[in-house]
Amino acid sequence: MTDSTHAEVTYGSYLHVDALLQLQQARSVPEHPDELLFIVVHQASELWFKVMLHELKILTTHLGNADTLASLTTMRRLNALMRIVASQLSALDTLPPQRFVEFRGYLGSASGGQSHQFRAIEAASGLRDEHFMHVLQEHGPLPPVVVDVLQRPPLQELFLGLLEKHGATLEQVYEAADQTAHFLLAESLIEYEQGFGLWRFLHVQLVERIIGPLTGGTGGTMGAKYLQRTMQQRFFPRLWEGRAKVFGATRSA
Ligand code: HEM
């Protein structure tokens, strides 16, 4: 690339700011003053989901290569991203119910439940049971972004494979409980699961705050009731079990 090509690059052209700022198209007429915030929090979340999926792909490669340090480095970033996505929801806590009602009708049947990237993050992380896959396929063929992550093993399987390649077991890692890289990696996965759970918790609280605990969602679910149930799902059941076992064994010793 020549210097003259470099000289033409500006902040706006590099980041496509003009195009980006054209993407917030309110549907309410006249435009409701709160719809911009509603759109931006969703769009920003989708952008962060995109980065998360990118990092998850990198993580699966590192775990598959049994590269503990590189996996830890990626987990640190993933956990930072998770915290950002969860904290963004607080902007919508400032939306009073009666103001949301004023433009909710314009959203039609659009619902966060249709977020392909969110489903892909769930599937990449470990939610792949029959029920989950069935719900995913209810609305037609699987979205490409989900098909892509399903080609790689889920995180828990990859992590256990990494331990095996290093000649360790999960029990040994937890029993030693010293600050080995494997222990820290297990902890960072648990932190990720907690971060995701925090997003679910803050989201369901937001939903209850704005539409109440009993109102159905635009996506046709039971709203907050349905969302409450999703909080019981686990990406890494083996890791949680491993910790519980160590606690039990230590107590009875
Ligand atoms: C006014 C604020 C919000 C309300 C009232 C709301 C409401 C709901 C409801 C009722 C559901 C259940 C599905 C349905 O029947 O529609 C849902 C699901 C979902 N929402 Fe929201 N939401 C809000 C903000 C957000 C934001 C900012 C995001 C960020 C991307 C988001 C992402 C999602 C996702 C990913 C799901 C699927 C969750 C799952 O199935 O586990 N929502 N939302």
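See the structure printed just above.
First, a word on what this report is: a plain description of the structure on this page. (Residues numbered from 1 in each chain as written. Predicted model: local features only at pLDDT ≥ 70, side-chain atom pairs only at ≥ 80, totals over all residues.)

1. Re the overall build of the chain
Turning to step 1, where the next piece is worked out: Helices and strands together make up the secondary structure of the chain, namely 14 helices and zero strands.
Turning to step 2, where the next piece is worked out: Dimensions of the chain, computed from C-alpha atoms along their principal axes, come out at roughly 65 × 60 × 35 Å.
Turning to step 3, where the next piece is worked out: Put simply, the chain has 253 residues, and 21% of those count as buried.
Turning to step 4, where the next piece is worked out: Of all intrachain contacts in the chain linking residues separated by at least 6 positions in sequence, the fraction that spans at least 24 positions is 74%. (Helix = DSSP H or I, 4+ residues; strand = E, 2+ residues; numbered from the N terminus. Buried ≥ 20, exposed ≤ 12 C-beta atoms within 10 Å, placed from the backbone. Contact = placed C-beta atoms within 7 Å.)

2. Some thoughts on the site of the ligand
Turning to step 1, where the next piece is worked out: Residues in close proximity to the ligand total 26 residues, the closest being S111, G112, G217, G219 and T221.
Turning to step 2, where the next piece is worked out: Within the residue set of the shell around the ligand, elements represented by two or more residues are α4 (35–64), α12 (181–211) and α13 (224–230).
Turning to step 3, where the next piece is worked out: In terms of residue count, α12 provides more of the shell around the ligand than any other element does, five residues in total.
Turning to step 4, where the next piece is worked out: Taken together, the residues of the shell around the ligand break down into 12 nonpolar, 14 polar and no charged. (Near = placed C-beta within 6 Å. Nonpolar A, V, L, I, M, F, W, Y, C, P; charged D, E, K, R; others polar.)

3. Details of the environment of R27
Turning to step 1, where the next piece is worked out: Position of R27 relative to the elements: it lies in the loop between α3 (17–21) and α4.
Turning to step 2, where the next piece is worked out: Overall, the presence of 14 C-beta atoms within 10 Å leaves R27 in the partly exposed class.
Turning to step 3, where the next piece is worked out: Sequence separation of R27 and L107 is 80 residues, and the distance between their C-alpha atoms is 7.4 Å.

4. Some details on unusual backbone geometry
Turning to step 1, where the next piece is worked out: For the bond from V29 to P30, the omega torsion is -10 degrees, close enough to zero to count as cis.
Turning to step 2, where the next piece is worked out: Relative to the helices and strands, P30 resides in the loop between α3 and α4.
Turning to step 3, where the next piece is worked out: The phi torsion at H16 lies on the positive side, around 55 degrees, for a residue other than glycine.
Turning to step 4, where the next piece is worked out: Note on placement: H16 falls in the loop between α2 (11–15) and α3.

5. A look at the packing of α4 against helix α7 (residues 116–125)
Turning to step 1, where the next piece is worked out: Two elements in contact, α4 and α7, have axes separated by 9 Å at closest approach and are oriented at 30 degrees. In terms of axis orientation, α4 runs roughly parallel to α7. Remark: the crossing between α4 and α7 carries left-handed chirality. Contact with α4, carried on its side by E46, F49, K50, M52, L53 and L56, involves Q117, F118, A120, I121 and A124 of α7 and no other residues of that element. (Axes fitted to C-alpha atoms, helices over the stretch in contact; angles between N-to-C directions. Parallel < 35°, antiparallel > 145°, perpendicular 65-115°, else oblique. Left-handed = near helix turned anticlockwise from the far one by under 90°.)

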